[in-house]
Amino acid sequence: MQHDSMRVRRCDHEGVRAYAAGVRRAHALCFPEERPEGDDEIDDEFFDRVTFTHDEASVTWFLLFDEDDDDSDEEEEQIAPEDRHVVGFAAAVVYATSVYGMHVAVVPSYRGRGLGKWLMREVQLWAIVDKGKDQIQATVDASATRLLRYYEECGAHTERTGFGSADAQTPTVVRIARTFTETIARQEVESSRGRRGRVGKRFYGEGIREQKPVRGFGNEALFAWFGWLPVGFLVAMAAARLSK
């Protein structure tokens, strides 16, 4: 993938319709269990479904594109090339005194590169600069411990909401929230924009130490563990020469 080709575009509820096929493709790849049976769902029905209780006109979308993606899967022959370039998305809406994050998703083949964090940071910057809101909130299934840990590593904190099914003894949904300043929002989004999904210290504005603690075995984790090996090898060679 050509990293310089990665872009995030912000769209209102009308602008996102120009990329409807790409958004629907990405959504199906990210949430296959939510895909309705049959292929007769029209765009209006799709956007009504994914915005659920919120007014569709109030939702702002952030679309992640790989403009050099030349995916030519035979199953996607009916999707225009420009729509296949949508590889992730986020959606948010102003809610009371904060911004509510409705969706953030990156297609499986592009995960592990910090792209989901980039999308969240774009939402964060828009929230404080355009909407004057210094907090983002979202709700997460309480059983999704890995997802909750990921959000906490991104700076969010969790709160028990008391929400859940009527017969649940403990809450099945938790609320996550993060408060930030405009300075922090700008610094973080510029870091992600500069990186554009690249992996490795030379692509990080903050340096490799910002990747820790490492969890999992994605590209970032592998580099954090093995990125110093070449340095160690060179040091060992230098020591061997000095000992001769």
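Residues numbered from 1 in each chain as written. Predicted model: local features only at pLDDT ≥ 70, side-chain atom pairs only at ≥ 80, totals over all residues. Heavy atoms only, no water.

Caption draft 1: Up close: the overall build of the chain. Looking only at helices and strands, one finds eight helices and seven strands in the chain. Scored against the burial criterion, the 244 residues of the chain give a buried share of 39%. Contacts in the chain between residues at least 24 apart in sequence constitute 65% of all its contacts with a sequence separation of at least 6. When the accessible surface of the chain is totalled, it reaches about 14500 Å², and 50% of it is carbon and sulfur. (Helix = DSSP H or I, 4+ residues; strand = E, 2+ residues; numbered from the N terminus. Buried < 20%, exposed > 50% of the residue type's maximum accessible area, 1.4 Å probe, protein only. Contact = heavy atoms within 4.5 Å. Areas by Shrake-Rupley, 256 points an atom, 1.4 Å probe, with all protein chains shown as cover.)

Caption draft 2: Molecular detail of the packing of aromatic side chains. This model, assessed by the stated rule, comprises seven aromatic pairs. When the centroid spacing of 5.1 Å and the interplanar angle of 70° are considered together, the rings of Tyr-19 and Phe-65 count as edge-to-face. Highlighted residues: Tyr-19 in the loop between β1 (6–11) and α1 (20–30) and Phe-65 in strand β2 (residues 60–66), separated in sequence by 46 residues. For Phe-65, a relative accessible area of 2% puts it in the buried group. Measuring from centroid to centroid gives 5.1 Å for Phe-46 and Phe-47, while their planes differ by 75°, and the two rings are edge-to-face. (Phe/Tyr/Trp six-rings, centres within 6.5 Å; stacked < 30°, edge-to-face > 60°.)

Caption draft 3: Inspection of helix α2 (residues 43–51) at higher detail. Among all positions of α2, only Phe-46, Phe-47, Val-50 and Thr-51 are buried. Down the axis, α2 shows its buried residues gathered within 115° of arc, on one side only. Phe-52 sits one or two positions beyond α2 and adopts a positive phi of about 35°. (Arc of directions from axis to C-beta.)

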